[in-house]
Every structure is written in structure tokens, then in C-alpha cells.
Amino acid sequence: MGTLVNQQFNRIIERKIKYDSTIVEHACRLLKACDQTAVLFHKIQYTFTMTAEQVKLTIPKGSYTIAYYWKDRPYNLYIWRDGNGAYLGAYFNIVRQTKLTDQFLSFEDLIIDIMVLPDGTYFILDEDELPEPIEQFENGTVHRTLQAFIHSMPVILDQLILESEHTYAHQRLLPLLHGY
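As the structure is a prediction and not an experimental result, all values here were calculated from the model.

**Student:** Can you walk me through the layout of surface pockets in this structure?
**Tutor:** Gaps left between atoms are located by rolling a probe of water-molecule size over the structure's atoms. Taken as a whole, the largest pocket holds about 730 Å³ of empty space. Looking at the largest pocket, it is lined by 31 residues, and the ones nearest its centre are K16, H26, F48, Y78 and Y91. Residue assignment for the lining of the largest pocket shows that the elements contributing at least two residues are β1 (11-17), β2 (23-33), β3 (37-43), β4 (48-52), β6 (64-70), β7 (75-81), β8 (87-100) and β9 (104-116). At four residues, β3 tops the list of elements feeding residues into the lining of the largest pocket. Tallied by class, residues from the lining of the largest pocket come to 16 nonpolar, six polar and nine charged.

**Student:** Help me understand helix α2 (residues 170-179) in this model?
**Tutor:** Given 3.6 residues per turn, any residue in an α-helix points the same way as the ones three and four places further on. Listing the buried residues of α2 in full gives H170, L173, L176 and L177. Along the long axis of α2, the arc covered by the buried residues comes to 105°, so they all point the same way. Exposed side of α2, more than 90 degrees from the buried face: Q171, P175, H178 and G179 are the residues found there. Looking at the buried residues of α2, the elements they touch are β2, β3 and β6.

Reading the values: the criteria
Residues numbered from 1 in each chain as written. Predicted model: local features only at pLDDT ≥ 70, side-chain atom pairs only at ≥ 80, totals over all residues. Heavy atoms only, no water. 1 Å grid on protein atoms, 1.4 Å probe; cavity = no way out; pocket = protein on both sides within 12 Å on 5 of 7 lines; lining within 4 Å. Points joined across faces, edges and corners; volume = space filled by probe spheres on them. Helix = DSSP H or I, 4+ residues; strand = E, 2+ residues; numbered from the N terminus. Nonpolar A, V, L, I, M, F, W, Y, C, P; charged D, E, K, R; others polar. Buried < 20%, exposed > 50% of the residue type's maximum accessible area, 1.4 Å probe, protein only. Arc of directions from axis to C-beta. Contact = heavy atoms within 4.5 Å.

Right, here's the structure in full:
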């Protein structure tokens, strides 16, 4: 499954190319890079809250993200932990064209996201931002991906939460959290 990159945790930029072609970048640290996968660490600099159907998920400043990316999967995953390592929730992006270079990890965001609470309850986000009904958006690819993904999400998420707790244990990430 790969190992942590050396003690220096190489700096890398996560580059999200939004559907309207605008670019959002975040400074991260590379935890793992293999042929088809990458894992990044990102320290949360500002508190933010997401709302879905009257439910709020707040990620406080000082928390962090362990982000998983795959070249061969149509999604990426952010696992959020607080400053003490406690699991806060997860977030899946439906994406395409994930690429990794020495300086950047980039992907094209296909608008639809899934927010997952610690109890496993999930919400599909941003459907209202689509330029057409989800069934037609991107020739139905996003809708089909979403439906297939929802079916397999519990297994994928459980596996990666466990991996994030062991392979990327909080104690091992403290140098990044305090010395970012």
C-alpha cells in the first residue's frame, strides 16, 4: 500500500479545477504517492461549516484533512480529524482527470459532492449548481457514478477511515500539525 514519504513530508499543491474552469489551490504535504494513488495532508487554517438539510458539519481551525486521490477512480475522499485526531466526518468529490506531478496534485471537479457525518449519515451536495438535471449532466456519467458510489460507499469509507487511523496515525502527523 506504500509508505509515508521521508520525514520531511514533501510540500505539494492540491489544484482543484472547478467546472467553470476556476482554480482553487491548497498547500499540502505528500504522505504517499504510488502509481495510481496519492494521499495528502492539509492543516485547516480557517473554521468552516457545511450545511445540508438543516444539518451542519463544522471543521474547526487546527483540524486536518487526510485526502485520498486515485487516477483510476471517479472520486476523491477527504477524511477530517480534529486537532486531537478524533474523526469529524468525510467528504467525497465526484471528479475526473486526477494527475500527480512533483509539485501538484490536480483534478477536475464535477460539482457533485457527498458529505458524510460520523454516524454514517450522508448528504448529496451541490445538485442545485448543475447546469442541467443530474441525469443529463456530463451525458449521465455523474449520475451513474453517484448511484454506483452510494452503493459501495460504506465499505470504501470504513476501509479508509481504518487506514487513516493506522497508517496515518495522529501521533505520526503531529510534526505536520504543529510545524506546518
